[in-house]
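# Fold and contact review
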Amino acid sequence: MPLTVVIVGRPNVGKSTLFNRLAGKRLAIVHDTPGVTRDRQEAVVEFGPLTLRLIDTAGFERDEPGSLAARMTAQTEAAIAEADVSLFVIDGRAGVTAGDEIIAAALRRSSKPVVLVANKCEALVDLFEAFSLGFGEAIAVSAEHGSGFGDLLAPKALDRIAPQLGYMHIFSFVLRC
Ligand code: GDP
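Residues numbered from 1 in each chain as written. Predicted model: local features only at pLDDT ≥ 70, side-chain atom pairs only at ≥ 80, totals over all residues. Heavy atoms only, no water.

Around the ligand lies a shell of 16 residues, among which Asn12, Lys15, Thr17, Glu122 and Glu144 are the nearest. Measuring from a nitrogen atom of the ligand, one finds a side-chain N or O atom of Glu122 at 2.5 Å. A distance of 3.0 Å separates an oxygen atom of the ligand from a polar atom in the side chain of Ser142. In the complex, the protein chains occlude 75% of the 580 Å² of accessible area that the ligand would expose alone. Tallying contributions element by element places helix α1 (residues 15-25) first for the shell around the ligand, with three residues. For the shell around the ligand, the residue count by class is four nonpolar, six polar and six charged. (Near = heavy atom within 4 Å. Polar contact = N/O pair within 3.5 Å; in protein donor to acceptor, adjacent residues only side chain to side chain. Areas by Shrake-Rupley, 256 points an atom, 1.4 Å probe, with all protein chains shown as cover. Helix = DSSP H or I, 4+ residues; strand = E, 2+ residues; numbered from the N terminus. Nonpolar A, V, L, I, M, F, W, Y, C, P; charged D, E, K, R; others polar.)

The following block contains the structure:
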């Protein structure tokens, strides 16, 4: 059973770019699932011994009724319902925005593990403000330029996931692969 990792964040932070970067680098299987729930992209990718089912939620942003805030909340809640772990993407250059706060609130309500990713960090960016979202230190990456990916699934990131999922879960998962 792969670990289901859902990429969430407000529009334009680079979710699709991140998905393509992660899927393209270590791609095993990619399939679109239009019309299953909503349009979205999924890929099963292997990171060393870890097999992850990655879901890009960018397609969730289309054609929903209601305010942007209500749509983002509904879309995030729908996405994280099936997640084992969420990659919460913010724009590291923009700082924390009202849209990020809305996504963060939905993620906190779910109480599922979250790894905070600050994208667009090809130049040095001050990520101190990102602590205020409540998910600890952000991992700085540049999805477009491909930097920072060593850290995304490095032990530091897994340590953040494991206490919440349970180390046994992680290790039994790794051993099955
Ligand atoms: P999404 O709406 O969250 O899926 O965002 P997209 O992946 O469509 O990206 C939104 C915009 O941000 C596009 O113009 C991308 O080229 C740009 N973008 C994505 N990743 C990066 C990055 O690492 N650095 C910079 N500077 N721009 C990026």
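Another point: unusual backbone geometry. Positive phi, close to 75 degrees, is recorded for Asn12, a residue that is not glycine. Examined against the element boundaries, Asn12 turns out to sit in the loop between β1 (3-8) and α1. Unusually for a residue other than glycine, Lys120 sits at a positive phi of about 65 degrees. Mapped onto the elements of the fold, Lys120 is located in the loop between β6 (114-119) and β7 (139-140).

Scored by pLDDT, the protein chain comes out at a mean of 76, with 67% of its residues at no less than 70. Per-element confidence in the protein chain ranges from a low mean pLDDT of 43 for strand β2 (residues 27-32) to a high of 92 for helix α3 (residues 98-110). In the predicted structure, residues 171-177 sits below a pLDDT of 50 and forms eleven contacts with residues beyond four places in sequence or in another chain. (pLDDT = per-residue confidence, 0-100. Contact = heavy atoms within 4.5 Å.)

Attention now moves to helix α2 (residues 68-81). Residues spaced three or four apart along an α-helix point in a common direction, a consequence of the helix completing one turn every 3.6 residues. Its 14 residues place the ends of α2 20 Å apart at the C-alpha level, agreeing with the 20 Å of an ideal helix rising 1.5 Å per residue. Summarising the contacts, the buried residues of α2 are in contact with β1, β5 (85-91) and α3. (Expected span 1.5 Å × (residues − 1).)

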